[in-house]
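Residues per chain are reported as follows:
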Amino acid sequence: MKSHVRTLQIAFTYIGTIVGAGFATGQEILRFFTRYGHWAVLTILFSTVLFIWLGTKMMIIARRVQAESYEDFNRHLFGERAGRSISLFTMIILIGVNSIMLAGAGAIFEEHLGMPYQAGLLLTILGSYLLLKRGISGILQINSLVVPLMLTLSLIIIFNTLGVPGAERFLFLPTDHSFFGAWMSPLLYTAFNLGMAQAVLVPLARHTNDEQALLRGGILGGIGIGFLLLAAHFAMSSQMPGILQYEIPMGTIAIRLGPAVQSIYLLLIFMEIFSTFVADIYGVGVQLQQRLPVAPVLVTPLLMLICYVFSQFGFSSLLSIFYPIFGAVSLVWVIMLLRAPMSPPPRPADPPGMDGKGSTIVAVKPVIRITRK
């Protein structure tokens, strides 16, 4: 029973780490899949296979090499010097992405709740700090709450779209984009998201004793990501091409479901941004603790302060700067992950009485003979 609970926690954390602001709003799905028309269903299935295969492989390798942080994992993939350089660059990009998440939370407060932008930033930072005091268990708990709600809302959207005229268009949408572009898109999308997700999936794998739970959690998580991609694509396809003009395309879908569902949807977008922010801050914090001679209790506040400063530039401007750069680096990273051999599983510690090779040590008592003269 405990193993099954751990499997679900890993799956939910995997899904929650991938699902950020771009996914929740629908912009990523529109950009990487829906605009490619009739190719989208096949490319989503291809991306789902990659998420199942590469996400699971990453976690299992991380556990077997005992990687404490994604820097340890990258040193295993690229070698000592290149691995450190890649991890340093990844850390900079992740801080940028965290700033984007924080700016997105502020935008939701300002645009949809009528509250000050700064209030959204400060409330997100405070909630994240309190949750991160619980360590990896806090990340598991927040995703175990958010992801089931997100899956439920996706089912509601699917059933609602079934009654919309043109719901079957997701299979036959025309497209002006090339075949090459359509099939490169899922590879770039998967590489980018796994490159970010390593910040939390690597330490999560390191702290999971049951490798089978990692395997099952990776498979379930990849399937869950694929389901969410298909659900959003199905709903947005029925509104093409008009939906392309909206900043939050999934928001227009939620409006049709009434004020209550729309409010729940906005809350979920914020919670998805919040859970991704918490996960990435945790992962970068683990790496910084290895690099900097700073007390661990100061690392998280320092990171949040940096993200707060960068978040003042706004959501859209940060998005346009960091995402394309990190996407290119992530493609190199995922190619190395594809080529990486699976490390042998770590041997369990030998119990007392074993010689380290699996053989039993037999103590031989010396025989003392007493001769009488």
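A brief structural summary. (Residues numbered from 1 in each chain as written. Predicted model: local features only at pLDDT ≥ 70, side-chain atom pairs only at ≥ 80, totals over all residues. Heavy atoms only, no water.)

## Observations regarding the packing of aromatic side chains
Now for step 1: All told, the structure shown has seven aromatic pairs when counted by the stated rule.
Now for step 2: When the centroid spacing of 6.1 Å and the interplanar angle of 85 degrees are considered together, the rings of phenylalanine 51 and tyrosine 189 count as edge-to-face. Here tyrosine 189 lies in helix α9 (residues 179-206) and phenylalanine 51 lies in helix α4 (residues 40-64), a separation of 138 residues in the sequence. When sorted by exposure, phenylalanine 51 lands in the same class as tyrosine 189, which is buried.
Now for step 3: Between phenylalanine 73 and tryptophan 333, the ring centres sit 6.4 Å apart and the planes meet at 50 degrees, which makes this aromatic pair tilted. On the criterion of sequence distance, the pair formed by phenylalanine 73 in helix α5 (residues 70-78) and tryptophan 333 in helix α14 (residues 315-339) is long-range, its members being 260 residues apart. The exposure classification of phenylalanine 73 matches that of tryptophan 333, with both residues buried.
Now for step 4: One aromatic cluster is present, formed by Phe32, Phe33, Phe51 and Tyr189 through successive ring pairs. (Phe/Tyr/Trp six-rings, centres within 6.5 Å; stacked < 30°, edge-to-face > 60°. Helix = DSSP H or I, 4+ residues; strand = E, 2+ residues; numbered from the N terminus. Buried < 20%, exposed > 50% of the residue type's maximum accessible area, 1.4 Å probe, protein only.)

## Remarks on the side chain of threonine 7
Now for step 1: Counting through the fold element by element, threonine 7 comes out in helix α1 (residues 2-18).
Now for step 2: Within the structure, threonine 7 has its side chain in polar contact with the side chain of arginine 216 (distance 3.3 Å).
Now for step 3: Ignoring sequence-local partners within four residues, the contact set of threonine 7 consists of Ala213, Arg216, Gly217 and Leu220. (Polar contact = N/O pair within 3.5 Å; in protein donor to acceptor, adjacent residues only side chain to side chain. Contact = heavy atoms within 4.5 Å.)

## With respect to the side chain of serine 154
Now for step 1: Along the chain, serine 154 turns up in helix α8 (residues 136-162).
Now for step 2: Since its relative accessible area comes to 10%, serine 154 is described here as buried.
Now for step 3: The contacts of serine 154, once residues within four sequence positions are left out, are Phe227, Leu228 and Ala231.

## Here we look at helix α12 (residues 259-291)
Now for step 1: Under the 1.5 Å per step criterion, the end-to-end length of α12 is 48 Å for 33 residues, consistent within 8% with the ideal 48 Å.
Now for step 2: The buried count for α12 comes to 24 of 33 residues, which makes it a mostly enclosed element. (Expected span 1.5 Å × (residues − 1).)

## Quick notes on a nonpolar patch on the surface
Now for step 1: On the surface, Leu292, Leu302, Ile306 and Phe310 cluster together into a nonpolar patch covering about 290 Å² of accessible area.
Now for step 2: Tracing the chain through its elements places phenylalanine 310 in helix α13 (residues 296-310). (Patch = residues over 30% accessible without salt bridge, like charges linked within 9 Å, V, L, I, M, F, W, Y side chains within 5 Å. Areas by Shrake-Rupley, 256 points an atom, 1.4 Å probe, with all protein chains shown as cover. Salt bridge = Lys/Arg side-chain N within 4 Å of Asp/Glu carboxyl O.)

## Re the nonpolar core
Now for step 1: Within the largest apolar cluster, 102 residues are counted, with the highest numbers of intra-cluster contacts made by Phe33, Met58, Phe73, Leu201, Val284 and Trp333.
Now for step 2: A total of 16 residues in this core trace back to one element, the largest contributor, which is α12.
Now for step 3: Here methionine 58 is in contact with Phe73, Leu194, Gln198, Leu201, Val202, Trp333 and Leu337, once residues within four sequence places are set aside. (Core = buried A, V, L, I, M, F, W, Y, C linked by side-chain atoms within 4.5 Å.)

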